[in-house]
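Descriptive analysis of the structure
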Amino acid sequence: MSDFPGVRLHVVSGKGGTGKTTVAAALALALAGGGRRVLLAEVEGRQGIAQLFDCPPLGYDEREVAVAPHGGDVLAMAVEPEQALLEYLDMFYKLGRAGRALKKMGAIDFATTIAPGIADVLVTGKIKEAVIRREGGRPAYDAVVMDAPPTGRIARFLNVNSEVVGLARMGPIHSQAQSVMTLLASAHTAVHLVTLLEEMPVQETVDAVGQLTKAGLPVGAVIVNMTREPILPADALVAVAEGRLDTAELRRGLRAGGLPKSPSIEEGLVAEAVDHAQRVALEETERDELARVDRPTYELPLLEGGVDLGGLYRLAGALAAQGVR
Amino acid sequence: MSARAAAGAEAGTVDGTADLTVDIDAVLDRESVVVCCGSGGVGKTTTAAALAVRAAERGRRVAVLTIDPARRLAQAMGLTELDNTPRRVAGIDESAGGELDAMMLDMKRTFDEVVATHADPERAQAILANPFYQSLSSSFAGTQEYMAMEKLGQLKAAGLYDLIVVDTPPTRNALDFLDAPQRLSRFLDGRMIRVLVAPARAGGRAYVKVLSVGIGMFTSVLAKIVGMQLLRDLSTFVAALETMFGGFRERAEATYELLKRPGTTFIVVAAPERDALREASYFVERLAEESMPLTGLVLNRVHPTRAPGLSGSRSLAVAEMLTDSGASPLTAAVLQLHAERIALAAREQQLKARFTSAHPHVPVLEVLAQATDVHDLSGLREVGASLAAGAAG
C-alpha cells in the first residue's frame, strides 16, 4: 500500500460479518496489480477464499487462484497447524516417521487443543517462512496477505510470544515464537482492520487498535466495508433525520411526476426517508469514532446481491483507486 | 395461564398449512429457561435482553445471562461490572411483581469455580497455577459455550428465578454450543491425556502398560521438540485435572439434559441474510435431531416497505423523470430510496421464503429494523413488543 511502503506482510482482521475474507482477497488482487506476485493465506480452515474465487478447496500447497489487472498473480493456500508442524519437524529434526507417529497418537490435535497458542505459533511461523522465502535471488512473493482471525482474537493470535512464554520458557517452540514475533512487530508488517459503519464493529475496531498497539504490533489501515452513498440531498439529511421533511415539496414533486394523491403513500415515503436519514446520521457518528483512531482509512462500496468474482475485481479496483499498490 | 396463552402455546405445534403463530407472552409466562441462539452479529443479545425485560414486566422473576453485549446495552442494563453475579436491573416496571437480574459471563472465573468445586483445595491450587490451565481456561474451543451452560446449571440450581434467559456465545458455528459437553468429554477421554497422565501415576499398572508400547521413546521425542519443562508442566496439569474428570463430565451431561426437559425452549435468531439464515437452518435441524424444543425463528432487522401502495418500478420511473426535469430533487431522492427499499424487502422475503419452505413447521417472527441501535430499556421494550405482536407469517 502506498501508505505502507516496505510492508511485505498484510494481516487482515475484522469482526465476524464485516467481510474480512472478501477484503483480504480484494487487497491481494490490488497488490498484485502491475505484474507482482502475492500470496493470499487463510488460517482458520474455513475455505472462504475458495468460495470467493470459485475454485476447489485450498490445501497446504500454494496454488494460483487469480490473475491481477495488468498482469500479476495471486496464489492462495490454507495454512493448517498440523501440516505446519509436520513440515517444521521435518525441516529441523528430519522427523518424517516420528512426525507421522505423533499425528497418529493424536498428539497434534491434543497440542493445538490444550494450548491454542502453540497452534498459532505454527501457523504464523509458516506465514513468516513464505514472507522471507527467496527464489532466484529475489523474494518469492512481493507481498503476503493473511486472512487472519477476527478482531476479538487478533492481538492474542499475533502476540505469539506472550502466548507461549508461559508454556515454553526455552526450547525450540520458544525460539520459533521469538523469531516470528520479530517479523510481526517490524515495519514489514501491517495489521489492517475491516469494519462496517455500525456500533459493534466500530467498537471492536477501536478496541483492537488499542490491544495491538499495546502488544507492540503495527496497526495498518482501517478498511470500511459495505458503504452506501446517501441518496437524499446533503442539505436535507439533517432535517429529515429529525423528522422535518418538507412534505409540501414532496407532494408537489409527486404531483409533478403524475402520481395520484394518497396520504398513506406519502406517509410511508416520509417514514422511509426518515429511516434512511437516521441511518446515515448514525454512520456519520461511527465515522467520527473511527477517525479518532487516526489511521489511514479506505472505503469499499456495498455490492448489492453479494460478492462474486467480478465484484472482487471491482473492490480491488476501488482499493487501487484509493492508492493501494 | 390464560386461555389465550394456552391456545398460543399449542399453535406452534399444529401441523399442516395452518398459520404458524407464536404467542411470545405465553412462552415468557410459561417456560423456565429460554435459550437464544444463532450466529454472531444477528442481534441475539438484544433479543435475549428484550425477552427478559418483557417477562420481568409481566410479573416473573427473571435472570438474563449474556455473553458479550454491546457496551451501551450493557450500561443500560447496569452491567458495568463483570463479576459473574446476577445484579438487579434498575428501571424495570416491577408493579406486576416481577424483577430482572442481569449478568455477564466471566468465562475464566466460572471455570475457576468449577475447579474449586470439584478438586480438593491443594489440587485446585495446583491446577489454577499451572500455565496450561491459563491457556485452556481462556481459549479451549468450546470453553465459553460450556461455561455458559455451567452457569445456567448453577443459576437453575439456586432456584431464585422463575425464568432464565440465556444468550449463547457468538460462535461462527452455532452448533459448537450443543457440542460443548461432548467435546469436553471426548477431550478428557483422549488417548494423549492417558499417555501424559501415565508417568504421573508412576508404579501404577497403566504406566507399565504404556511403557511397554514404547512411550519412553515417544516422550523423549516430544521433549526434544517442545522442551522438557513444558512436558513436565503438561503432565502435572493433566494429572491434576484427571482427578476431577468424573465430576466434570457429570455436570456437562446434567446441563445437557436440562436443555431437553420440559420448561426449556430455544429461540433461533437470524438476520435476513444468506449466511445467517443458513446457520439458522442448521441449528433448527440440529435441535430437532437432539429433541430440543424450539419456539421459533426470530428474523431480526427486516425492512418492509412503509408505502406498499407504490411499486418499485413506478417509483423509479417517476424518480428518473423528476431528475431529468430537475423539478424536485428531494422527491426524486425519496422515490429512489423507496425503490431500493422495495428491492431490499423483496430480497429479504425471498430469503425468508427459502427458509420456510425448508422448515414449514417453524414459526417465523419478524422484528423490524430499528433506525438506531438499541441501547436502553425503552428500546428493549419496543423490540419485546414487536416480538409479542407476533409479526408472524
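Per-chain numbering applies: the sequence of each chain, read as written, is numbered from 1 onward. Just so you know, chain letters begin at A and ligand numbers begin at 1, following the order they were written in. Predicted model: local features are reported for residues with pLDDT of at least 70 only, side-chain atom pairs are reported and counted for 80 or more only, and whole-chain, interface and lining totals are derived from all residues. Only hydrogens and water are removed before side-chain values are computed, so all heavy atoms of the structure are retained for them.

1. So, the overall build of chain B
Counting from the N terminus, the helices are the DSSP runs of H or I reaching at least four residues and the strands are the DSSP runs of E reaching at least two. The helix and strand inventory of chain B stands at 18 helices and eight strands. Buried positions account for 53% of the 393 residues belonging to chain B. Throughout, a contact is declared for two residues whenever any of their heavy atoms are within 4.5 Å. Intrachain contacts of chain B at a sequence separation of at least 6 include 77% that bridge at least 24 residues. Each accessible area is a Shrake-Rupley result for a 1.4 Å probe, and residues are judged covered by the shown protein chains and nothing else. When the accessible surface of chain B is summed, it comes to about 16600 Å², and 53% of that surface belongs to carbon and sulfur atoms. We call a residue buried when its accessible area falls under 20% of the maximum for its residue type, exposed when it is over 50%, and partly exposed in between, using a 1.4 Å probe and counting protein chains only.

2. Digging into the sheet that holds strand β2 (residues 37–42) of chain A
Backbone-to-backbone hydrogen bonds pair the strands of a sheet. The strands run either parallel or antiparallel. All names here are of chain A. With respect to topology, eight strands assemble into an open sheet ordered β3-β4-β2-β7-β1-β8-β9-β10, the strand pairing being mixed. The outermost strands of the open sheet, each flanked by one partner alone, are β3 (63–67) and β10 (297–301). In this sheet, adjacent strand axes meet at a mean angle of 25 degrees when their direction is disregarded. In terms of strand pairing, β3 meets strand β4 (residues 73–78) through four bridges, oriented antiparallel. Following DSSP output, two strands are said to pair if at least two bridges run between them. To get an axis, a line is fitted to the C-alpha atoms, and for a helix only the part in contact is used. The angle between two axes follows their N-to-C directions and goes from 0 to 180 degrees.

3. Quick look at the pattern of salt bridges
Residues and elements named next belong to chain A. Salt bridge, as used here, is a side-chain nitrogen of Lys or Arg placed within 4 Å of a carboxyl oxygen of Asp or Glu. Following the criterion strictly, the structure yields 34 salt bridges over all chains and no others. Between R251 and E266 there is a salt bridge, with the nearest N and O atoms lying 2.9 Å from each other. Of this pair, R251 sits in helix α12 (residues 247–256) while E266 sits in helix α13 (residues 263–291), and the two are 15 residues apart along the sequence. Where E284 meets R287, a salt bridge forms, and the shortest distance between an N and an O atom there is 2.8 Å. Taken together, the residues span about one helical turn, with E284 and R287 both in helix α13 at a distance of three residues. It is possible to trace a salt-bridge network through shared partners that takes in E62, E87, K126, E129 and R133.

4. Some words on the confidence of the model for chain B
Residue and element names in this part refer to chain B. Here chain B shows a mean pLDDT of 80. Residues at 70 or above account for 75%. The weakest mean pLDDT in chain B belongs to helix α1 (residues 3–11) at 38; the strongest belongs to helix α2 (residues 24–30) at 96. pLDDT runs from 0 to 100 and stands for how confident the predictor is about each residue. Contacts from residues 1–18, a stretch scored under 50 in pLDDT, to residues over four places away or in other chains number 16 contacts. This stretch, residues 200–214, has a pLDDT under 50; its non-local contacts, to residues over four places away or in other chains, come to twelve contacts.

5. A closer look at the sheet that holds strand β4 (residues 99–104) of chain B
Residue and element names in this part refer to chain B. In space, the eight strands of this open sheet follow the order β3-β4-β2-β5-β1-β6-β7-β8, with mixed pairing throughout. The two strands at the open ends of the sheet, each matched to only one other strand, are β3 (87–88) and β8 (364–368). Of the pairings in the sheet, the one linking strand β1 (residues 33–37) to strand β6 (residues 264–270) comprises five bridges and is parallel in character. Each bridged residue has a counterpart across the sheet, and for V33 the counterpart in β6 is T264. Most of the contacts of helix α15 (residues 274–289) go to β6, to which it runs at about 160 degrees, and overall it touches β1, β6 and β7 (294–302). Each of β7 and β8 is contacted by helix α18 (residues 377–388), which is oriented at about 145 degrees to β8, the strand it contacts most.

6. Observations concerning the nonpolar core
Residues belong to a common nonpolar core when they are buried Ala, Val, Leu, Ile, Met, Phe, Trp, Tyr or Cys residues joined through side-chain atoms within 4.5 Å. If you look at the biggest cluster of nonpolar residues, it comprises 143 residues, and the most contacted ones within it are A:L158, B:L100 and B:L297. With eight residues, the single largest contributor to this core is helix α3 (residues 44–57) of chain B. Among residues more than four places away in sequence, those in contact with B:L297 are B:V268, B:V269, B:A270, B:L277, B:A280, B:F355, B:V362, B:P363, B:V364 and B:L365.

7. Observations concerning the side chain of B:D25
All names here are of chain B. Following the sequence through the fold, D25 ends up in helix α2. The exposure class assigned to D25 is buried, which follows from its relative accessible area of 9%. Pairs of N or O atoms are called polar contacts if they sit within 3.5 Å, as long as, within protein, a hydrogen donor faces a hydrogen acceptor (for residues adjacent in sequence, only side-chain-to-side-chain pairs). For D25, the side chain forms a polar contact with the side chain of R54, separated by 2.6 Å. When sequence neighbours within four positions are dropped, the list of residues in contact with D25 reads R54, R58 and A388.

8. Quick word on the packing of α3(B) against α18(B)
Residues and elements named next belong to chain B. Between α3 and α18, whose axes approach to 8 Å, the crossing angle comes to 85 degrees. Comparing their axes, α18 and α3 come out roughly perpendicular. Residue-level inspection shows T46, T47, A49, A50, L51, V53, R54 and E57 of α3 in contact with α18, the latter providing L377, L380, R381, V383, G384, A385, L387 and A388. Only Asp, Glu, Lys and Arg are considered charged, only Ala, Val, Leu, Ile, Met, Phe, Trp, Tyr, Cys and Pro nonpolar, and every remaining residue, Gly among them, polar. When grouped by side-chain class, the residues that make up the contact of α3 with α18 number ten nonpolar, three polar and three charged. An angle counts as roughly parallel when it lies under 35 degrees, as roughly antiparallel when it exceeds 145, as roughly perpendicular when it falls between 65 and 115, and as oblique in every other case.

9. A short note on α3(B)
All names here are of chain B. The length a helix should cover is 1.5 Å for every residue beyond the first. Taking 1.5 Å of rise per residue, the 14 residues of α3 would be expected to cover 20 Å, and the 20 Å separating its terminal C-alpha atoms lies within 8% of that figure. For α3, the complete set of buried residues consists of K44, T45, T47, A48, A49, A50, L51, A52, V53, A55, A56 and E57. Backbone geometry just after α3 places G59 at a positive phi near 110 degrees.

10. Regarding the environment of A:V194
Residues and elements named next belong to chain A. Tracing the chain through its elements places V194 in strand β8 (residues 189–195). When the C-alpha atoms of V194 and E299 are compared, they prove to be 9.7 Å apart, with 105 residues separating the residues in sequence. Excluding residues within four positions of it along the chain, V194 makes contact with V12, S13, G14, K15, T18, G19, K20, V23, T205, I223 and N225.

11. Some thoughts on the pairing of strand β9 (residues 219–227) of chain A
Residue and element names in this part refer to chain A. Across the nine residues of β9, eight count as buried, placing the element largely inside the fold. Bridge analysis of β9 against β10 gives four bridges, and the strand direction is parallel. Along β10, the bridge assignment pairs I223 with Y298.

12. Thoughts on the state of the cysteines
Residues and elements named next belong to chain B. We call a pair of cysteine sulfur atoms a disulfide whenever their separation is within 2.5 Å. The final tally for this structure, using the stated rule, is zero disulfides over all chains. The thiol of C37 is unpaired, and the distance to the nearest cysteine sulfur, on C36, comes to 7.5 Å. Given a relative accessible area of 1%, C37 falls into the buried group.

13. Structural notes on the packing of α12(A) against α13(A)
All names here are of chain A. One way to put it is that α12 packs onto α13 with a least axis distance of 11 Å and a crossing angle of 120 degrees. Classed by the angle they form, the pair α12 and α13 counts as oblique. Crossing of α12 against α13: the hand is right-handed. Contacts between α12 and α13 involve T247, L250, R251, L254 and R255 from the former and E266, L269 and V270 from the latter. Looking at side-chain class alone, the contact of α12 with α13 contains four nonpolar, one polar and three charged residues. In this scheme, a crossing is called left-handed if the near helix is turned counterclockwise away from the far one by less than a right angle; it is called right-handed if the turn is clockwise.

14. Brief notes about the side chain of A:K126
Tracing the chain through its elements places A:K126 in helix α6 (residues 116–132). Among the polar contacts listed, one links the side chain of A:K126 to the side chain of A:E129, at a separation of 3.1 Å.

15. Some points on helix α9 (residues 172–184) of chain A
Here α9(A) is 13 residues long and its end C-alpha atoms lie 18 Å apart, about the 18 Å a rise of 1.5 Å per residue gives. Along α9(A), the positions that sit buried rather than exposed are A:P172, A:I173, A:H174, A:Q176, A:A177, A:V180, A:M181, A:L183 and A:L184.

16. Examining unusual backbone geometry
All names here are of chain A. A positive phi angle, near 55 degrees, is found at D54, a position not held by glycine. Structurally, D54 can be placed in the loop between α2 (48–53) and β3. Its identity is not glycine, yet M226 carries a phi of approximately 55 degrees, on the positive side. Take M226: it is sitting in strand β9.

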